[in-house]
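Chain by chain, the residues:
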Amino acid sequence: GAGVSQSPSNKVTEKGKDVELRCDPISGHTALYWYRQSLGQGLEFLIYFQGNSAPDKSGLPSDRFSAERTGGSVSTLTIQRTQQEDSAVYLCASSPSTGISYEQYFGPGTRLTVT
Amino acid sequence: GQQVMQIPQYQHVQEGEDFTTYCNSSTTLSNIQWYKQRPGGHPVFLIQLVKSGEVKKQKRLTFQFGEAKKNSSLHITATQTTDVGTYFCAGDNAGNNRKLIWGLGTSLAVNP
């Protein structure tokens with residue numbers, strides 16, 4: 001079946017503008033994760049969804065960042081009043097929430113550049 | 001808070017040499033996962049270790065989980081240029097939210 005998809009693949013925006021990033025998880029995966037990865041760096045956890053609820057928002061860098069998930073499927077990550085330090089690749093991953101093995105399946109990411 | 005340290009940060013080897021990356025957690029893990037990220041790509045799941053002292057092999061890759069379930073290693077025998085990339089370990093914090101605690105990764109470069 002289809003893997004995790006993300007859109008857009010690339011986004012260039014001006015400082016101060018809002019952006020919305022979308023993630024379509026693998027069908028049936030109830031867990032969904034957002035990460036941020038700067039060039040040559042590790043993964044920075046942002047937020048985790050179980051179904052439509054977000055039990056862990058601890059990684060969101062500021063109140064300019066928000067995320068929602070509807071219907072237990074698609075998720076959007078919104079960054080308001082973007083700053084240059086928001087430039088990074090935003091990765092989404094999904095995972096089944098049952099069974100012993102629950103590896104995360106990553107999408108290709110959205111490369112965000114704030115000018 | 002819980003941390004997962006990964007060493008070395010970088011490793012440069014000649015093709016055919018062996019390579020090992022180590023992962024150490026500040027707390028006991030319920031399980032640990034390993035991922036590989038090729039340059040320009042996204043992380044791809046390699047394996048999950050669950051049992052204390054577990055050893056798993058995938059062709060030239062050998063994964064170990066420590067007896068205390070606080071450390072793990074990935075060993076590649078006779079590296080090839082296709083092994084180039086960043087290897088991440090990620091530990092399960094044993095909570096119900098299944099949030100993984102990620103190491104910073106080891107970047108492997110292989111000279112042909």
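Shown above is the structure to which this text applies.
Treat the numbers as computed from the prediction; the structure is a model and nothing was measured.

Engineer: Please explain the overall build of chain B as it appears in this structure.
Structural biologist: Scanning chain B from N- to C-terminus turns up zero helices and 11 strands. For chain B, the sequential pattern of α-helices and β-strands runs β-β-β-β-β-β-β-β-β-β-β. The globule rule puts the C-alpha radius of gyration for 112 residues at 13 Å, and the 14 Å found for chain B is close to it. For chain B, the C-alpha atoms occupy an extent of roughly 45 × 30 × 20 Å along the three principal directions. The burial tally for chain B puts 46% of its 112 residues in the buried class. Within chain B, contacts between residues separated by at least 24 positions form 53% of all contacts whose residues are at least 6 apart in sequence. Of the side chains in chain B, 11 bear a positive and 7 a negative charge, and the two mean positions are spaced by 9 Å.

Engineer: Which parts of the structure should I look at to understand the sheet that holds strand β1 (residues 5–7) of chain A?
Structural biologist: Note: strands within a sheet are paired through backbone hydrogen bonds, in either parallel or antiparallel orientation. Residues and elements named next belong to chain A. With antiparallel pairing, four strands are arranged side by side in an open sheet as β1-β3-β8-β7. Each edge of the sheet is formed by a strand with only one pairing partner; in this case those strands are β1 and β7 (65–69). The sheet shows a mean angle of 15° between the axes of neighbouring strands, direction not considered. Note: β7 against strand β8 (residues 75–79), five bridges, orientation antiparallel. Each residue of the ladder has a partner; that of serine 66, found in β8, is threonine 78.

Engineer: What exactly am I supposed to notice about the state of the cysteines here?
Structural biologist: Tallying each qualifying case throughout the model produces two disulfides over all chains. Here cysteine 23 of chain A connects covalently by a disulfide to cysteine 92 of chain A, the sulfurs 1.8 Å from one another. Judged by the sign of its S-S torsion, about -65°, the cystine formed by cysteine 23 of chain A and cysteine 92 of chain A is left-handed. Taken together, the residues cysteine 23 of chain A in strand β3 (residues 19–24) and cysteine 92 of chain A in strand β9 (residues 88–95) connect sequence positions 69 residues apart. Like cysteine 23 of chain A, the residue cysteine 92 of chain A is buried in the burial classification. Through a disulfide, cysteine 23 of chain B is tied to cysteine 89 of chain B; the S-S separation comes to 1.9 Å. Taking the torsion about the sulfur-sulfur bond, which here is approximately 75°, the covalent link between cysteine 23 of chain B and cysteine 89 of chain B counts as right-handed. Residue cysteine 23 of chain B is found in strand β3 (residues 19–25), and its partner cysteine 89 of chain B is found in strand β9 (residues 85–92); the two are separated by 66 residues along the sequence.

Engineer: What is the right way to read the pairing of β9 of chain B from this model?
Structural biologist: Regular strands place their side chains on alternate faces of the sheet. Residues and elements named next belong to chain B. Burial runs high along β9: eight of the eight residues are buried. Sheet analysis places β9 next to strand β11 (residues 106–111), joined by three bridges and oriented antiparallel. Along β11, the bridge assignment pairs threonine 86 with serine 107.

Engineer: Where do I start with the pairing of strand β7 (residues 61–65) of chain B in this structure?
Structural biologist: Residues and elements named next belong to chain B. Among the five residues of β7, four are classified as buried, and the element is accordingly described as predominantly covered. Sheet topology note: the strand β6 (residues 55–58)/β7 ladder contains four bridges and is antiparallel. Within the sheet, the bridge partner assigned to valine 55 lies in β7 and is glutamine 64. Between β6 and β7, which follow one another and run antiparallel, lie two residues, and lysine 59 among them has a positive phi close to 55°. Sheet topology places β7 next to strand β8 (residues 71–76); five bridges connect them, and they run antiparallel. Counted as the bridge partner of leucine 61 is isoleucine 76 from β8. Counting the residues in the hairpin turn of β7 and β8 gives five residues, including lysine 69, whose phi is positive at 55°.

Procedures and definitions
Residues numbered from 1 in each chain as written. Chains lettered and ligands numbered in written order. Predicted model: local features only at pLDDT ≥ 70, side-chain atom pairs only at ≥ 80, totals over all residues. Heavy atoms only, no water. Helix = DSSP H or I, 4+ residues; strand = E, 2+ residues; numbered from the N terminus. Rg over C-alpha atoms; globule rule 2.2 N^0.38 Å. Buried < 20%, exposed > 50% of the residue type's maximum accessible area, 1.4 Å probe, protein only. Contact = heavy atoms within 4.5 Å. Lys, Arg positive; Asp, Glu negative; His and termini not counted. Charge placed at Lys NZ, Arg CZ, Asp CG, Glu CD. Pairing = 2+ DSSP bridges. Axes fitted to C-alpha atoms, helices over the stretch in contact; angles between N-to-C directions. Disulfide = S-S within 2.5 Å.

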